[in-house]
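Coordinate analysis (summary)
One-letter residues, chain by chain:
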Amino acid sequence: MTALMPILLAQIEREGPMTIADYMAFCLHHPSHGYYATRDPFGAAGDFTTAPEISQMFGELLGLALAQSWLDQGKPAGLLAELGPGRGTLMADVLRATQNVTGLHEALQLCLVESSPILRRAQSRALDGHKPAFFDQVSDLPEAPLFLLANEFFDALPVRVFQRARSGWDEWRVGASGGQLSMGRSPAGAVPALANAQGEFVELCPAAESISSEIGRRIAQHGGVALIVDYGATESTEPSFQAVQAHQKIDPLSQPGAADLTAHVAFGPILRAAHPAIGFGPVDQREFLARLGIEVRAQQLAAGLTGAALRQHKAALLRLTDPEEMGTLFKVIGLAPPGAAAPPGMEPAP
């Protein structure tokens, strides 16, 4: 039994079953026993591996894309920000790739939106010498042109899960039975977002839309660009709420506080919520990285490698771009001010 399990069971006994969104928030962010408060989840020794941990090419290309947008918009003074920066690997690669872009590092204040004290320490080590400023949420950032990255950030935001019932909709809830957590349903009542919903299941992520709205407002008002990379599908026929531990999917109710809880990202609502910023994509990660020149960069890096290092490099490229790996499951969307050039690698949203 995890340290969080008895706390959850006691709360459910007091207050009744909780929504999936409340369960996710409780398990991921409990101040003493929450998943992100107690561990570094990244890499082979953790529970999952993200693109920046696979290859430096990912961060280098995203960094150069942001730099090009900064140049296109007249080199404004502003913010270079990342949401959920993990160990700081992505931002370290961004800063290295852009160090020869004259004036960029001096013009943009480095800002990291991170709530985990363990990960903040890891990010400070990775970015030693760059003096990042830390913020708990997007709304805490200074008002300024915003050049922002978010890689596998939105998938960890709490979702509500609904299932069509004989009359209206039921909402999935986490209850308790016999000293164990259990999944159940109850009538959802009036939920405006479900008024025209199709299909048997719907996942809603109000937090994603709220954050996107804040990012979009800032970019439309002050300038900047956002590149958001995450996994998801344009259409879903079943709930994607899931748990991962040691790189394997497990029962989401079995290890509260000790497993990562995520859901596939719905890109359409994020793009719509960002209005009046202009949305771009979604584009498959494979296509996006190809447009930014990953094959050329891979060849440059391969020229200095042999043996196991070369094989690992080729495997990393495959993992980032192959349709059977991350190539099509992961997608990229972008935001830019009205009238600005599209972010490199992006196309206007349909």
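Conventions adopted
Residues numbered from 1 in each chain as written. Predicted model: local features only at pLDDT ≥ 70, side-chain atom pairs only at ≥ 80, totals over all residues. Heavy atoms only, no water. Helix = DSSP H or I, 4+ residues; strand = E, 2+ residues; numbered from the N terminus. Rg over C-alpha atoms; globule rule 2.2 N^0.38 Å. Buried < 20%, exposed > 50% of the residue type's maximum accessible area, 1.4 Å probe, protein only. Contact = heavy atoms within 4.5 Å. Lys, Arg positive; Asp, Glu negative; His and termini not counted. Charge placed at Lys NZ, Arg CZ, Asp CG, Glu CD. Phe/Tyr/Trp six-rings, centres within 6.5 Å; stacked < 30°, edge-to-face > 60°.

1. With respect to the overall build of the protein chain
- Helix and strand content of the protein chain: 13 helices and 15 strands.
- For 350 residues, the compact-globule estimate of 2.2 N^0.38 gives 20 Å, and the protein chain sits close to it at 21 Å.
- Over its C-alpha atoms, taken along the principal directions, the protein chain stretches across nearly 60 × 45 × 35 Å.
- Per-residue burial for the protein chain yields a buried fraction of 52% across its 350 residues.
- In the protein chain, the proportion of contacts linking residues at least 24 apart, taken out of those at least 6 apart, comes to 75%.
- When the 25 basic and 36 acidic side-chain charges of the protein chain are each reduced to a single mean position, those positions are 2 Å apart.

2. Quick word on the environment of Glu200
- With respect to the helices and strands, the residue Glu200 is situated in the loop between strand S8 (180-187) and strand S9 (201-204).
- Glu200 gets classed as partly exposed once you look at its relative accessible area, which sits at 39%.
- In this structure the C-alpha to C-alpha distance between Glu200 and Thr38, which are 162 residues apart in sequence, comes to 36 Å.
- Contacts of Glu200, omitting those with residues within four sequence positions, involve Phe162, Gln163, Arg164 and Trp169.

3. Let's talk about unusual backbone geometry
- Here the residue pair His275 and Pro276 is connected by a cis peptide bond, since its omega of 20 degrees sits within 30 degrees of zero.
- Relative to the assigned elements, Pro276 resides in the loop between helix H10 (267-273) and strand S14 (278-284).
- Here the amide bond leading from Gly281 into Pro282 is cis, since omega sits at 5 degrees, within 30 degrees of zero.
- Its place among the elements puts Pro282 in strand S14.
- Even without glycine at this site, Lys75 takes up a positive phi of about 60 degrees.
- Examined against the element boundaries, Lys75 turns out to sit in the loop between helix H5 (56-72) and strand S2 (78-83).
- Since its relative accessible area comes to 49%, Lys75 is described here as partly exposed.
- With phi around 55 degrees, Lys131 is a residue other than glycine that occupies positive phi space.
- The residue Lys131 is located in the loop between helix H8 (117-126) and strand S4 (133-135) in this model.
- Taking the relative accessible area as the measure of exposure, Lys131 reaches 77% and is therefore exposed.

4. Observations regarding the packing of aromatic side chains
- Taken as a whole and judged by the stated rule, the model has four aromatic pairs.
- Pairing Trp172 with Phe201 gives two aromatic rings, centres 6.0 Å apart and planes at 85 degrees, and the pair type is edge-to-face. Of this pair, Trp172 sits in strand S7 (residues 169-177) while Phe201 is found in strand S9, placing the two residues 29 residues apart along the sequence.
- Residue classification places Trp172 among the buried residues on the basis of a relative accessible area of 18%.

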